[in-house]
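Each chain, letter by letter, is given below.
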Amino acid sequence: MLHRFTHMSEESQLDIKKTTAQNEEETQWFVLKVSRKERLATEVLEGAGLKTFCPTVPSDITMKGEKHIVERPLIPNTIFVSAPFGMLNNIRRQHPFITYCYQKQDGRYKILHVPEREMERFMDSTERMKGDITYFRPEEVELKTGDKVRIVGGIFDGYEGTLLKAKGRAKRMFLVNFQLLGALGTHIEPQYIRIIKD
């Protein structure tokens, strides 16, 4: 589950140091909270030579009575960065608005990092869904039920996920699920959908 942990005991802090100390030089994908300063955080991290990812979606706003389309973060207050832990930790100390996301495992908190394969799949999915995309947090995904499906043909050929039922709609919401990052949803034409039978 993605969340920000605001208070850690000395024991929890020690656990995190033990967990990360052995991997300080290994480049990994981390999930960061950035106090709604996505652009500034991206500039800071890319200025240090790191690779970042902050998916955006078009959004309508009204300025001085006129409507404009602007790009807004798909996941507000969050960016992803590929970096060695030691280097990222030094940057974070210089820019306190950048904080880690944590996951709870066996009653203890661990800095959240995403396996390379899952991150590549997440980035690929956001690119394919551009223009029709919805993000679901991990806790929201647990509440979504539907048929397990495989997509045959089209830009999602070979993808598997969950199909949400929606009355009166020709297209239905297709969810691509991720182990750590929740799910991404888009609408799929019926002819591409194949139900996976148990």
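The shown structure was predicted, so the numbers you read here are calculated from the model rather than taken from an experiment.

### Observations regarding the overall build of the chain
Next, step 1: Across its full length, the chain holds five helices and 15 strands.
Next, step 2: Restricting the contact set of the chain to residue pairs at least 6 apart, pairs at least 24 apart contribute 67%.
Next, step 3: For the chain, the exposed surface amounts to about 12000 Å²; the carbon and sulfur share of it is 47%.

### With respect to the side chain of Ser82
Next, step 1: By secondary structure assignment, the location of Ser82 is in strand β5 (residues 78-84).
Next, step 2: When sequence neighbours within four positions are dropped, the list of residues in contact with Ser82 reads Thr27, Gln28, Trp29, Leu50 and Lys51.

### Observations regarding the pairing of strand β14 (residues 182-188)
Next, step 1: With six of seven residues buried, β14 is to be regarded as a mostly interior element.
Next, step 2: Bridge count for strand β10 (residues 134-136) against β14 is three bridges, and the pairing is antiparallel. Across the sheet, residue Thr134 finds its bridge partner in β14, namely Gly185.
Next, step 3: Here seven bridges tie strand β13 (residues 172-178) to β14, and the two strands are oriented antiparallel to one another.

### Considering the confidence of the model for the chain
Next, step 1: A residue-level look at the chain finds 83% of positions with pLDDT of 70 or above and a mean pLDDT of 84.
Next, step 2: Taken element by element, the chain is modelled with least confidence in helix α1 (residues 10-21), mean pLDDT 44, and with most confidence in strand β2 (residues 51-53), mean pLDDT 97.
Next, step 3: Under a pLDDT of 50 for its full length, residues 1-15 has, in the predicted model, 25 contacts with residues more than four places off or in other chains.
Next, step 4: In this model residues 17-22 is a low-confidence stretch, pLDDT under 50, and it forms three contacts with partners more than four residues away in sequence or in other chains.

### A look at the sheet that holds strand β15 (residues 193-195)
Next, step 1: Overall, antiparallel pairing links the six strands, which are arranged β10-β14-β13-β12-β11-β15 in an open sheet. Edge strands, defined here as strands with exactly one partner in the open sheet, are β10 and β15. Going across the sheet, the axis of each strand differs from the next one's by a mean of 40°, ignoring polarity.

### Some words on helix α2 (residues 38-47)
Next, step 1: Residues Glu38, Ala41, Thr42, Val44 and Leu45 constitute the buried set of α2. Mapping the buried residues of α2 onto a view down its axis gives an arc of 165°, with all of them on the same face. Projecting away from the buried face of α2 at angles above 90 degrees are the exposed residues Arg39, Glu43 and Gly47.
Next, step 2: Residues of α2 that are buried in the fold lie against β1 (27-33), β2, β4 (66-73), β5 and α3 (85-94).

### As for the nonpolar core
Next, step 1: Among the nonpolar cores identified, the biggest contains 29 residues, and Phe80, Met119, Phe122, Ile151, Phe174, Leu181 and Leu184 are the most heavily contacted of them.
Next, step 2: Sequence-distant contacts of Ile151, that is, excluding residues within four places in its chain, are made with Phe156, Asp157, Gly158, Tyr159, Phe174, Ile188, Tyr192 and Ile193.
Next, step 3: In this structure, Leu32, Ala83, Tyr102 and Tyr109 belong to the second largest nonpolar core, which totals 19 residues.

### Brief notes about the pattern of salt bridges
Next, step 1: Applying the stated criterion across every chain, the model contains four salt bridges.
Next, step 2: Notably, a salt bridge pairs Glu71 with Lys130, separated by 3.7 Å at the nearest N-O pair. Of the two residues, Glu71 sits in strand β4 while Lys130 sits in the loop between α4 (116-128) and β10, which places them 59 residues apart along the sequence.
Next, step 3: For Lys130, a relative accessible area of 45% translates into the label partly exposed.
Next, step 4: In this structure, Glu160 engages Arg150 in a salt bridge whose closest nitrogen and oxygen atoms are separated by 2.7 Å. Taken together, the positions of Glu160 in strand β12 (residues 160-164) and Arg150 in strand β11 (residues 147-151) put the pair ten residues apart, joining distant regions of the chain.
Next, step 5: The class of Glu160 is partly exposed, set by a relative accessible area of 39%.
Next, step 6: Residue classification places Arg150 among the partly exposed positions, given a relative accessible area of 36%.

Definitions and limits used
Residues numbered from 1 in each chain as written. Predicted model: local features only at pLDDT ≥ 70, side-chain atom pairs only at ≥ 80, totals over all residues. Heavy atoms only, no water. Helix = DSSP H or I, 4+ residues; strand = E, 2+ residues; numbered from the N terminus. Contact = heavy atoms within 4.5 Å. Areas by Shrake-Rupley, 256 points an atom, 1.4 Å probe, with all protein chains shown as cover. Buried < 20%, exposed > 50% of the residue type's maximum accessible area, 1.4 Å probe, protein only. Pairing = 2+ DSSP bridges. pLDDT = per-residue confidence, 0-100. Axes fitted to C-alpha atoms, helices over the stretch in contact; angles between N-to-C directions. Arc of directions from axis to C-beta. Core = buried A, V, L, I, M, F, W, Y, C linked by side-chain atoms within 4.5 Å. Salt bridge = Lys/Arg side-chain N within 4 Å of Asp/Glu carboxyl O.

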